[in-house]
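Single-letter residue listing:
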Amino acid sequence: MFLINCPFCGERDQSEFSSGGEAHIVRPKQPTELSDDEWAEYLFMRKNIKGIQFERWNHVHGCRKWFNVVRDTSNDKILSVYKMGEKPPVNYK
Amino acid sequence: MKNKYSLFSLIKNAFSQHENWQQAWGNPEPKKEYDAIIVGGGGHGLATAYYLAKKHNLKNIAVLEKGWIGGGNTGRNTTIIRSNYLWDASAGLYDHALKLWENLSQELNYNVMFSQRGVMNLAHNLQDVRDLKRRTHANRLNGIDAVWLNTEEVKKFCPIINTSPHIRYPVLGGTLQRRAGTARHDAVAWGYARGASDMGVDIIQNCEVKGIKRNRDRVEGLETTKGFIKTNKIGVVAAGHSSVIANMAGLKLPLESKPLQALVSEPVKPIIDTVVMSNAVHAYVSQSDKGELVIGAGTDSYVSYTQRGSHNIVEETLKAILELYPIFSRMKMLRQWGGIVDICPDASPIISKTNIKGLYFNCGWGTGGFKATPGSGDLFAHTIANDEPHKLNAAFNLNRFVSGDLVDEHGAAAVAH
Amino acid sequence: MPNYRIHKTEYIDETKRVSFKYDGKTYFGYEGDTLASALLANGIHLVGRSFKYHRPRGIVSCGAEEPNAICQIGSKKDLTEPNVRATELELYEGLEASSQNCWPNVKFDIGGINNFISPLIPAGFYYKTFMWPKSFWKKVYEPLIRLSAGLGKSPTEPDPDIYDHKYVHYDVLVIGGGVSGIIAAKMAAKNNLKTLLVDDKKILGGSTIYQNNESIKIDDKLSSEWLKNEIQEIKKLSNLTIKTRTSIAAYHGYNFLLAKENLTDHLPEEKKQNKIRQRLWKIRAKKVVIATGSIERPLVFNNNDRPGILLSNSINKYLDYYGVTCGENIILFTNNDSAYETSISLHKKGIKNLIVDLRKSASSELIKQAESLGIKIYFNHVVTNTFGYRKINSLEIMKLSEDGNTTVGDKIKLSCDCLGMSGGWTPMVHMHTQSGGKLDFRDDDQVFLPKENSEDQISIGSCNGDFDLENIIDKTVNKINKFLDIDNQDYQETNIICSKENDKRNIWLLPNKIPLGKTKCFIDFQNDSTAKDIKLALKEGFRSIEHVKRYTTTGMATDQGKLSNMHALGIIADTAGVKMGTLGTTTFRPPFTPLTFGTLVGRNVGKFFEVVRKTSMHEWHVENNAEFENVGQWKRPWYYAKNGENMHDAVQRESKAARDSAGILDASTLGKIDIQGTDASEFLNRVYTNAWSKLAIGKCRYGLMLNEDGMVYDDGVTTRISENHYLMTTTTGGAANVLSKLEDYLQTEWPELDVYLTSVTDHYSTASICGPNSKKILNKLFPNLDLSDENFPHMSFKEDKLENINCRIMRISFTGELSYEINIESKYGNSLWKMCIEAGKEFNLTPYGTETMHLLRAEKGFIIVGQDTDGTMTPSDLQMDWIVSKKKYDFIGKRSLYRSDTIREDRKQLVGLLTDDPKEILEEGAQIVSDIKSKPIDMLGHVTSSYFSPNLNKSIALAVVRSGKTMKGQKLIIPMENKNINVTVSDTIFLDKENKRLNA
């Protein structure tokens, strides 16, 4: 079980959090303008990266805030944590 | 078959102290070119190669496996086999597989220990009852043997279940498929490998795919740790790593790879002679031929390729087990492990062409792919050989995520295992 | 009775005699014994039968690695426990144990016949046979195979014992209380680090604690004496917590470890009662020191599995710790120095013994000592066979060739009653690998060692491959200082004298004149896998260690290969001609030793299995004969069985009363979300399919919420309380998920919106009163409230007080009747309910449960999300196009409604069904067809809701049917198992289509 450093509460056990999957998939501002393919891309298609993934977590049994995490999915090491709206750290790109 | 297995061959070999057995499958180095390459040497991949060779007269085939065959989810799952799915498309697919299972040991001349001990799904609330009855009715009309059992019948069929009305979520009934059961997981991979190898398929272990060579919209070959291999048909059956291979071809798939854990107890004398699954009190259990209780439950919620999950899942699973089987409290967990399961948004698989010519994907089996192994291999082989899906896997195409025609097996609360 | 207890030790209390039963016979041991040491003291070696061949097996070891001595403990149906290692179980008065996997008994076992047909049943034989004739599989072969499963027996009644969990955080966790662990713990704790030291044994000290060889000294004392002193020292340290009888089970990522503390397993039955049996420690440690030691290896030779053959060091421990000798004429077979310690110790206690050593020669302090004592040593010799069925009585040795590949010369037959074997030592790297650490291979003594130590964990002592005491202490001190970044000087002056091993020779499969195929050289004792099984697997093309393991079942027994994995690897490497280091190991999976299910679950069993959520009115419902339905975690009244009536009768009565006069429902479980902020209206616009901006203050509106994939997700009524304040209701089961989803969108997609969400589900209780007389009841409760349709119309909201307590009253209806929902702070919920009941008495106000609620709403054609929908229904499928705003630019799920398959006309759509026989009630879940004869049968849909309506005096149902919208009036068939039911597609609204009753 990971320890996740909630940017609002500090380090807590993973069981307090829920995962929201890949981050930075922005909901299209004008969905009606999209083709079925483009909409499906937003809705379902995921990078599902093995390696460094930018993802969303929610401190669901804590402050209930959503935030972003950089995690290596090949070893579950968390490399960075940042708030929603903040720029993702560049050194992991 | 050059090396037929039977009681007679065992006796014969006993006289030579078993020193004259032949290799079950070969260990070749890759050729420069193949007519078709299957990426992934699990049960599904090996079955695909087997049926390609057997039914589609393709002989120059290779299976590439980055580790050892059957080492992924084939060798890590809880081996439940059933076909009592809700939707017609799923029922068609899984019952096709079940029919192949029923003759698989003879087909492969390899005893896969397919044990039709029955699989029972329990209902614990009124919506469970509606959902399971709906499924039972659909199964019956689809020709799949499924019967509804009331609580007393559940108890009679599996007496160790706690059917007291006073537990937190009492058992309100269940649905039973008697033809369902379990099989010996490793044997499935080994049996298909032996059968395929016998027909000339090259099974190449410790060979990892590093890249897919494309010429515009068609594939030309694979970059591997054993060099470049030319081919114009690539069938990817890489389970948890499907997205990794897809990314090499510039494709994204509607998949997330998540940890799924299982555990076994120490071996004990026969105590449960069927498979019992429960969705609301989330756990499933059967007993292996060695006597171990084989137990599993749901996945973790996050993407991970570590083959490890979180401890709390194990704890929750055993909590559910002790709620339904309080007699197991003093049993001991012998071994726990994890696999990586690739999950589609609708909990149904993908057996499909892609928009790249010659590139086919068989993935998204989530937590329940083992049961489909023979059917999946057969239908994927058909799809690769004909460049068109078989009618039984037509619904499991990639386009359904665009058009919205999902095969949503979540809907009926069918535990997908 | 023979007595093999030959001397006194401080660990055995001979004043406390303990009686126990083994296989029905009573024996005696002493406090301090394990079951194994007590059995050995009584001369009992034979304790079980192996899994496959049912060969007689004896105690092999003295710890967690034991493959053979596993017993059934107790005979009570609820308390019996299978597969308990006798080597770990502390003896207590009244202990009952029996041997497993044998019938009729361990001495004469019918299954032993398998030993004679063993040539026919090599590794994996079952994959090759039992296939013909096919029909025999299910009837003959499979039942036989399954009959042979298992070792011990599961309990058959629920466990009465209590288990517990404890969460702890430490700066440093030290695993293992041997000499290196003790030093590490002392250094850490003295440096102000909060430290936890755990050890699986009853006392600390590892194998040093009973060490008594004069050639091994620390500060001029026997190493055991020095260590006892250290233990006294560390017990005084306030920063240090010491937990004995506590074993680490699993080492997960982020330094999260699980440990099992045994609290009562060593106590007599009467002292166990009402105590916590085992406790699971959930440990988070900043740093972990692994000091788990090493396990002695067996040697692989023909018939190396007879009772009386033990690990050499175990013989030593039984002697020096328990005071028990394993024989009177012992042979020690070794490839290293450690067996010499055993030999010398035996010699000093007058036990005849000799040594067979693989090595051509060897020199060290220990060997000199043995030689000077006149102990006979056969260097460069190998045991080639052993004899004795139920216990070893003799063996043969032969000389080894120069290269060690064959034997030469004549057999020498030696008699003995016990054989100790030592094939070297295997560091216990389990914890290191479980934590994610990698391994290196050291050719020198053929061991896998922790490759690198991370910032978070370190291995010290013999689990790190440091075997002699000087090495262990020096390295431990240096490594711990560095690892913890401290500068501890306690051991700077410590003076250590010990024997140094200079000579090594390892042969994984010992040579023999007999062809391998005719030998039984066991590798995995419990699972009966032999060297020839490994070779067979390799011959058949199984190359990977994982393949060989699975094909031969090596390492898969209850000891998880602690004694066998290295030999399997070694033989594979030798046979395949590859280096062991490149083969790698199999994965070391948790737990380290088998872990009780009950311990893992802790207190979360029975009534603590899962939280029960009850409304404020719950007690009233119980008192009034409510039967409850589980909805999520909530208990909701299902129906009230008045005067012992059955459900059908109750529901008919309740339904009729609600429509004829008045009914009352506890609606407290519906999810309630308080929504505030200047953008609240815009937010609702985005999350519901319909428009919200124009909803007037004090008005209510029904909303449908979709998933982004266009499928109906939840529904409920939302009330505008003030300009920027709404109260949303959700379904009972969906409440938590809806809140999460809304928060997700708000925080991540629309952070610019000024909206605040608060769950108030638990803060308000809700009584819903419906029926033509509901207004009169409301009037009695709220006499000052103007209930006229003009002032308080349908779908509107008022606030008023009930005895000075604020109430929120909504005039909304899920039944189609005139209906009011009264919300009050939860603590007044029960009073509110009782006041309603009191006020309603004269109107026959009838409490009704969820079943009646479902019936009443079905009469009106209102859907229940989750019952009439299943995650595949769009609003249009539900014939609810009216609720989907055409004007709104966007809302969650909108885009998905225009995909090629979501706009299809032939989707499944919600319809009503009427049975031709109005008394016939359809089964919910039943499938619907139009043509019973088609093959395959074409299922059009299924029945989602079905009831007998007392108000219409006929059966009604809702269903989803392919192209249902166009099928009104069409005849369809419900094919049941024993009959076909004819139905006609109808409107979904069965009653009061004009909504007259809402304003009755």
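The structure displayed is predicted, hence computed values, not measured ones.

S.K.: Please give an account of the overall build of chain A that cites residues and values.
M.R.: Scanning chain A for helices and strands turns up one helix and six strands. Expressed along its principal axes, the backbone C-alpha trace of chain A runs to roughly 40 × 25 × 25 Å. A total of 93 residues make up chain A; the buried ones form 48% of that total. Within chain A, counting contacts between residues at least 6 apart in sequence, those at least 24 apart form 45% of the total. For chain A, the accessible area works out to roughly 4400 Å², and carbon and sulfur atoms hold 47% of it.

S.K.: Describe the environment of Cys418 of chain C, with residues and values.
M.R.: Residues and elements named next belong to chain C. Inspection of the secondary structure assignment puts Cys418 in strand 24 (residues 418-422). On the basis of relative accessibility, which here comes to 0%, the residue Cys418 falls in the buried class. Between the C-alpha atoms of Cys418 and Ser831, which are 413 residues apart in sequence, the distance is 80 Å. If we ignore the near neighbours within four places in the chain, the residues touching Cys418 are Gly308, Leu310, Ile315, Cys326, Gly327, Asn329, Ile330, Ile331 and Ile392.

S.K.: Tell me what's going on with the nonpolar core, and back it up with residues and numbers.
M.R.: By size, the foremost hydrophobic cluster in this structure holds 119 residues, and its most contacted members are Trp101, Tyr110, Trp190 and Tyr192 of chain B together with Phe333 and Leu395 of chain C. Residues contacting Tyr110 of chain B, with those up to four places away along its chain left out, are Tyr5, Leu104, Ser105, Ala187, Trp190, Gly191 and Arg194 of chain B together with Tyr127, Met131, Phe542 and Tyr551 of chain C. The next biggest cluster of nonpolar side chains, apart from the first, holds 87 residues, and it includes Leu39, Trp226, Leu319 and Leu469 of chain C.

S.K.: Before we move on, can you summarise the interface of chain C and chain B with the specific residues and values?
M.R.: Contacts between the two partners involve 120 residues from chain C, matched on the other side by 100 residues from chain B. The largest contributions to the chain C side of the interface with chain B come from Tyr127, Phe597 and Phe609 of chain C, which together make up 9% of the buried area. Inspection of the region where chain C meets chain B yields nine salt bridges. Among the salt bridges present, the one from Arg134 of chain B reaches Asp870 of chain C, with a minimum N-O distance of 2.8 Å. Connecting chain C to chain B are 55 residue pairs in polar contact (both at pLDDT 80 or more).

S.K.: Tell me what's going on with unusual backbone geometry, and back it up with residues and numbers.
M.R.: A cis amide bond links Trp132 of chain C to the next residue, Pro133 of chain C, at an omega of -10°. Considering the arrangement of structural elements, one finds Pro133 of chain C in the loop between helix 3 (125-128) and helix 4 (135-147). With a phi angle near 50°, Arg216 of chain B is a residue other than glycine that sits in the positive phi range. Along the chain, Arg216 of chain B falls in the loop between strand 9 (209-215) and strand 10 (218-224). On the basis of relative accessible area, Arg216 of chain B is assigned to the exposed category, the value being 71%.

S.K.: Describe in detail the environment of Glu682 of chain C, supporting the description with residues and values.
M.R.: All names here are of chain C. Relative to the helices and strands, Glu682 resides in helix 20 (residues 680-687). Judged by relative accessible area, Glu682 falls into the partly exposed class, the value being 32%. Spatially, the C-alpha atom of Glu682 lies 71 Å from that of Asn68, the residues being 614 residues apart in sequence.

S.K.: A description of the pattern of salt bridges should follow, citing residues and the corresponding values.
M.R.: This structure, assessed with the given rule, holds 99 salt bridges over all chains. With a shortest N-O distance of 2.7 Å, Glu682 of chain C and Arg686 of chain C are connected by a salt bridge. One end of the pair is Glu682 of chain C and the other is Arg686 of chain C, both in helix 20 and four residues apart, which spans about a single turn. Three or more residues are tied together by salt bridges with common partners; here these are Asp95, Lys99, Glu102, Asp145 and Arg179 of chain B.

S.K.: A description of the environment of Glu33 of chain A should follow, citing residues and the corresponding values.
M.R.: Note that Glu33 of chain A resides in the loop between strand 3 (18-22) and helix 1 (36-43). For Glu33 of chain A, the residues in contact, after removing those within four places along its chain, are Glu38 of chain A together with Tyr889 of chain C.

S.K.: Which residues make up the side chain of Thr246 of chain C, and what values do they have?
M.R.: Position of Thr246 of chain C relative to the elements: it lies in strand 13 (residues 246-252). A distance of 2.8 Å separates a polar atom in the side chain of Thr246 of chain C from the backbone oxygen of Thr244 of chain C.

S.K.: Could you give an account of the interface of chain A and chain B, naming the residues involved and the relevant values?
M.R.: You'll often see interface size given as the accessible area lost when the parts meet. Chain A puts 25 residues into the contact, and the matching count from chain B is 25 residues. Counting the surface lost from both chain A and chain B, the interface buries some 2000 Å², and carbon and sulfur atoms represent 55% of this. Looking only at chain A, the three residues that lose the most surface to chain B are Phe44, Asn48 and Lys50 of chain A, adding up to 31% of its buried area. Seen at the junction of chain A and chain B, the total is twelve residue pairs in polar contact (both at pLDDT 80 or more). Counting residues per element, the ones that place at least two in the side of chain A that touches chain B are strand 3, helix 1 and strand 4 (52-58) of chain A.

S.K.: Let's hear about the packing of aromatic side chains: which residues, and what values?
M.R.: Enumeration according to the criterion identifies 46 aromatic pairs over all chains in this entry. Seen from their ring centres, Phe44 of chain A and Phe401 of chain B are 5.6 Å apart, and the 70° between their planes marks the pair as edge-to-face. With Phe44 of chain A in the loop between helix 1 and strand 4 and Phe401 of chain B in helix 11 (residues 400-403), the pair connects residues from two separate chains. Phe401 of chain B matches Phe44 of chain A in its accessibility class, with the two residues each being buried. We note Lys319 of chain B situated over the ring of Phe609 of chain C; from NZ or CZ to the ring centre the distance is 5.4 Å. The ring of Trp692 of chain C has Arg701 of chain C sitting right over it, with the charged end atom 5.9 Å from the ring centre.

S.K.: Describe in detail the state of the cysteines, supporting the description with residues and values.
M.R.: One way to say it: the disulfide is the covalent bond shared by the sulfur atoms of two cysteines. Tallied over the entire structure, the rule returns zero disulfides over all chains. In this structure Cys770 of chain C is not part of a disulfide, and its nearest cysteine sulfur, from Cys836 of chain C, lies 12 Å away.

S.K.: Before we move on, could you go through the confidence of the model for chain B and cite the residues and values that matter?
M.R.: All names here are of chain B. When pLDDT is averaged along chain B, the result is 95, and 98% of the positions lie at 70 or above. Taken as a whole, residues 412-417 scores under 50 in pLDDT and shows 26 contacts with residues more than four places along the chain or in a different chain. In the model output, the complex is listed with pTM 0.97 alongside ipTM 0.98.

S.K.: Can you explain the sheet that holds strand 29 (residues 496-497) of chain C? Please cite residues and give values.
M.R.: Residues and elements named next belong to chain C. The antiparallel open sheet is built from three strands, whose spatial order is 11-10-29. The open sheet has two edge strands, strand 11 (221-222) and strand 29, and neither has a second partner. As judged from the two bridges shared by strand 10 (residues 217-218) and strand 11, these two strands associate in the antiparallel manner. In the sheet register, Lys217 faces strand 11, and the bridge partner there is Leu222.

What counts and how
- Residues numbered from 1 in each chain as written.
- Chains lettered and ligands numbered in written order.
- Predicted model: local features only at pLDDT ≥ 70, side-chain atom pairs only at ≥ 80, totals over all residues.
- Heavy atoms only, no water.
- Helix = DSSP H or I, 4+ residues; strand = E, 2+ residues; numbered from the N terminus.
- Buried < 20%, exposed > 50% of the residue type's maximum accessible area, 1.4 Å probe, protein only.
- Contact = heavy atoms within 4.5 Å.
- Areas by Shrake-Rupley, 256 points an atom, 1.4 Å probe, with all protein chains shown as cover.
- Core = buried A, V, L, I, M, F, W, Y, C linked by side-chain atoms within 4.5 Å.
- Buried area = accessible area lost by both parts, 1.4 Å probe.
- Salt bridge = Lys/Arg side-chain N within 4 Å of Asp/Glu carboxyl O.
- Polar contact = N/O pair within 3.5 Å; in protein donor to acceptor, adjacent residues only side chain to side chain.
- Phe/Tyr/Trp six-rings, centres within 6.5 Å; stacked < 30°, edge-to-face > 60°.
- Lys NZ or Arg CZ within 6 Å of the ring centre and 35° of its normal.
- Disulfide = S-S within 2.5 Å.
- pLDDT = per-residue confidence, 0-100.
- Pairing = 2+ DSSP bridges.

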